[in-house]
Amino acid sequence: MRFLTVLLVILVSFSHSYAQKSAGIDLINGEMYRTAKSFFKKQLNDPLQKSDACYYLGEVYRLTGKADSASYYYNLGLQTNPENGLCLAGKAGTTFSKNEAEAEALIKKASSAKDYKKNPATYVAIAKAYFANNKADNANTALAKARDLDKKYTDAYITEGDMLLTKLSGGDAANKYEMAIYFDSNCKPAYLKLAKLHLLAKNYEQATGALDKLKAIDANYGPAYKVLGELMYAQGQYAEAADAYTEYLKTNEATTNDRARHAAFLFFKKDYAKSVEEATNALKEDPDNIVMQRILAYNMYDAKDYANGLAKMESFMKNVDPSDIIEADYRYYARLLTKNDKDSLAIINFRKALEVDKSKVDTYKEIAQAYEKIKKYADAAKTYETYVGAIKSPMNTDYFMWGRDCYLAGEEINDAAIAKNPADSLIRKAYFVKTDSLFQIVATNAPESHQGYLWRARANSKLDPNSSLGLAKPFYEKVAEILEQPGKEKYKENLVEAYQYLGYYYYAKDDKENAKKYYGKILVLNPTDEYAKKALDSYKNK
């Protein structure tokens, strides 16, 4: 009876220890490194668990890029138990680059260690050591041995999936994660990795399915919320992305970079106040975080805090490494410059943004608008021409803005300029001809609107300044026809413009009846119009 009691205690203790170790491995596979570190450090006080705990602490440090700390814990584990197969494998992984023969000897010793040679975890550790040193074939052999010892050992499948993923074999990696789930339907890291893999492949429905299953197992599983946030962001659901990250930030795993990501999602959500708050808090912990610096400046632009935004952006651009500047940095810097009436400098930075990413063709529109602000209409027109040529389906407003800039560019060439350089008259004419052709497109696309006809009328009026040819007449007549309809009262000035042209046209043709008709219509709309009064008075004296 005493023997059975002792045996039962040993079995219960072993079962508890195995379950704990499995839980810790799941933390590492779920990239919950802070929690894993705390988990295994608690085991350092237990002589029976210390050496294994040292190996897993070493793995946490290895995976977070702290090689010296990883080596420290592998060696500490071997001081506790020189025959610990896990720590021998871990140390081998750090030895290959210095002494390959010694590393192989450590692995041989690990695979023959009394208490570890039949433990699948040992061969997973060996596989990781090999793979970290670009020995994929050896790693695969070790994983096969792990599966031979225990075909249900999920860490072997997860590890192989991770290795395949680094080789961009996404489909094969997914199969390994699914095998882990097959043998353990509650394997949270496998569901998490499947979700991340499908997200990477833009298989959003499958990613959502994996996350749904994961949340059904553990609704409070922190890493799932991080992946959910990225999934929502990828689909343009910024509010949901920000909400998911809000939940993730409640976990112990959240880093300053995660807060930076959250601030970015809040920015895209247009929750500028919260985004600024998040970015400001993150900068208190990490003042040199360039992501937070740029997000703060971006927020200030969109919150219309242009002066402070420009100060932040100028500081950022001055201090950041040029290699870290992205297209959006130049674009937002340019936007802040133009809002602070520094349009020439803004144009330079808009063009730098295009040099970084030529696909962001909407930047051409912003360049054109900056040229318009400083009344460089010829440059604005040329920029709109580039923009329209770069997109598949220009909008009517694009033709409108291009045409208007052509018209204003033509108006800039006045008679004084032509007197100095007669060739400029041909350039002016070309601008008005181009204006007419562009507004013909506008009128064709929107025949119910008067705008296309109005600007065609204006362009043709410039081409026929004395109205002798009546080039503008049919277009002003169309403007009048449209604007005389009910509900068009707000366009009264445009209607008066049409009546003025038509009145003058008939006056010059000595068509008294029609001239009086149009001048009379002007006075109905504007009884104090002096030009119309004088024209009608002139008929009284004839």
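As the structure is a computational prediction, the values presented were derived from the model and not from experiment. (Residues numbered from 1 in each chain as written. Predicted model: local features only at pLDDT ≥ 70, side-chain atom pairs only at ≥ 80, totals over all residues. Heavy atoms only, no water.)

1. Quick notes on the packing of helix H13 (residues 222-234) against helix H15 (residues 256-268)
Each packed pair of helices is defined by two parameters, the angle between the axes and the distance between the axes. Our working definition: Note on geometry: axes are lines fitted to C-alpha atoms, helical ones only across the stretch in contact, with angles between N-to-C directions running from 0 to 180 degrees. In this description a helix means any DSSP run of H or I spanning at least four residues, a strand means any run of E spanning at least two, and both kinds are numbered starting from the N terminus. Each crossing is labelled by how the near helix is turned from the far one, with a counterclockwise turn of less than a right angle marking it left-handed and a clockwise turn marking it right-handed. Note on contacts: a residue pair is in contact if any heavy atoms of the two residues lie within 4.5 Å. Charged residues are taken to be Asp, Glu, Lys and Arg, nonpolar residues to be Ala, Val, Leu, Ile, Met, Phe, Trp, Tyr, Cys and Pro, and polar residues to be all remaining types, Gly included.
In contact at an axis separation of 12 Å, H13 and H15 are set at 35° when each is read in the N-to-C sense. Both H13 and H15 take part in a crossing whose hand is left-handed. Residues Lys226, Gly229, Glu230 and Tyr233 of H13 form the contact with H15, whose own contacting residues are Asp258, Arg261, Phe265 and Phe268. Grouping the constituent residues of the contact of H13 with H15 by class yields three nonpolar, one polar and four charged.

2. Re the packing of aromatic side chains
For any two aromatic rings, the description comes down to two numbers: the centre-to-centre distance and the angle of the planes. Keep this limit in mind: Each Phe, Tyr or Trp ring (for Trp, its six-membered ring) is paired with any other whose centre lies within 6.5 Å, and the angle between the two planes then decides the class: stacked below 30 degrees, edge-to-face above 60, tilted in between. Under the scheme applied here, a residue whose accessible area is under 20% of the maximum for its type counts as buried, over 50% as exposed, and between as partly exposed, the area being computed with a 1.4 Å probe on protein chains only. Should the NZ of a Lys or the CZ of an Arg lie within 6 Å of a ring centre and within 35 degrees of the ring normal, that charge is described as sitting over the ring.
Evaluation of the coordinates by the stated rule reveals 34 aromatic pairs. Ring centres of Tyr72 and Tyr73 lie 5.0 Å apart, and the angle between their planes is 85°; on these two criteria the pair is classed as edge-to-face. Residue classification places Tyr72 among the partly exposed residues on the basis of a relative accessible area of 49%. Aromatic ring contacts, followed pair by pair, group Tyr233, Tyr238, Tyr245, Tyr248, Phe265, Phe267, Phe268, Tyr272, Tyr298, Tyr301, Tyr306 and Tyr332 into a single cluster. For Lys145, the ring lying beneath its charged end belongs to Tyr123, and the centroid distance is 5.9 Å.

3. Brief notes about empty space enclosed by the protein
Rules: Throughout, the protein atoms alone are placed on a 1 Å grid, and a set of points is a cavity if a 1.4 Å probe fits but cannot get out or a pocket if it is open with protein on both sides within 12 Å along at least five of seven lines; lining residues have an atom within 4 Å of a point. Grid points are joined across faces, edges and corners, and a volume is the space filled by probe spheres set on the points.
This model, assessed by the stated rule, comprises two cavities of 30 Å³ or more. One number sums up the size of the largest cavity: a volume of about 80 Å³. In terms of lining, the largest cavity is formed by 13 residues, of which the most central are Tyr55, Tyr56, Val124, Lys128 and Asp155. Going through the elements one at a time, helix H1 (2-29), helix H3 (50-63) and helix H7 (120-131) are the ones with two or more residues in the lining of the largest cavity. The element that contributes the greatest number of residues to the lining of the largest cavity is H7, accounting for four residues. Of the residues assigned to the lining of the largest cavity, the class counts are nine nonpolar, one polar and three charged. Approximately 60 Å³ is the volume found for the second largest cavity. Lining the second largest cavity are Tyr55, Glu59, Arg62, Tyr74, Ala89, Gly90, Gly93, Thr94, Ala125, Lys128 and Ala129. Counting only elements with at least two residues in the lining of the second largest cavity, the list comes to H3, helix H5 (85-95) and H7. At four residues, the largest contribution of residues to the lining of the second largest cavity is made by H5. Partitioning the lining of the second largest cavity into residue classes produces five nonpolar, three polar and three charged.

4. So, the packing of helix H8 (residues 136-149) against helix H9 (residues 154-166)
To keep things clear, this is the line we draw: We call two directions roughly parallel when the angle between them is under 35 degrees, roughly antiparallel when it is over 145, roughly perpendicular when it lies between 65 and 115, and oblique otherwise.
Two numbers describe how H8 lies on H9: the axes approach to 10 Å, and their chain directions differ by 160°. Taken together, H8 and H9 sit at an angle that is classed as roughly antiparallel. Note that H8 runs across H9; the crossing there is left-handed. Side by side, H8 and H9 meet where Ala139, Leu143, Ala146 and Arg147 of the first sit next to Ala156, Tyr157, Thr159, Glu160 and Met163 of the second.

5. What about the pattern of salt bridges?
For the record, the criterion: For salt bridges, the criterion is a side-chain nitrogen of Lys or Arg within 4 Å of an Asp or Glu carboxyl oxygen.
Throughout the structure, instances matching the rule amount to 29 salt bridges. When the shortest N-O distance is used, the salt bridge between Lys269 and Asp243 registers 3.8 Å. Taken together, the residues Lys269 in the loop between H15 and helix H16 (272-285) and Asp243 in helix H14 (residues 238-248) connect sequence positions 26 residues apart. Taking the relative accessible area as the measure of exposure, Asp243 reaches 45% and is therefore partly exposed.

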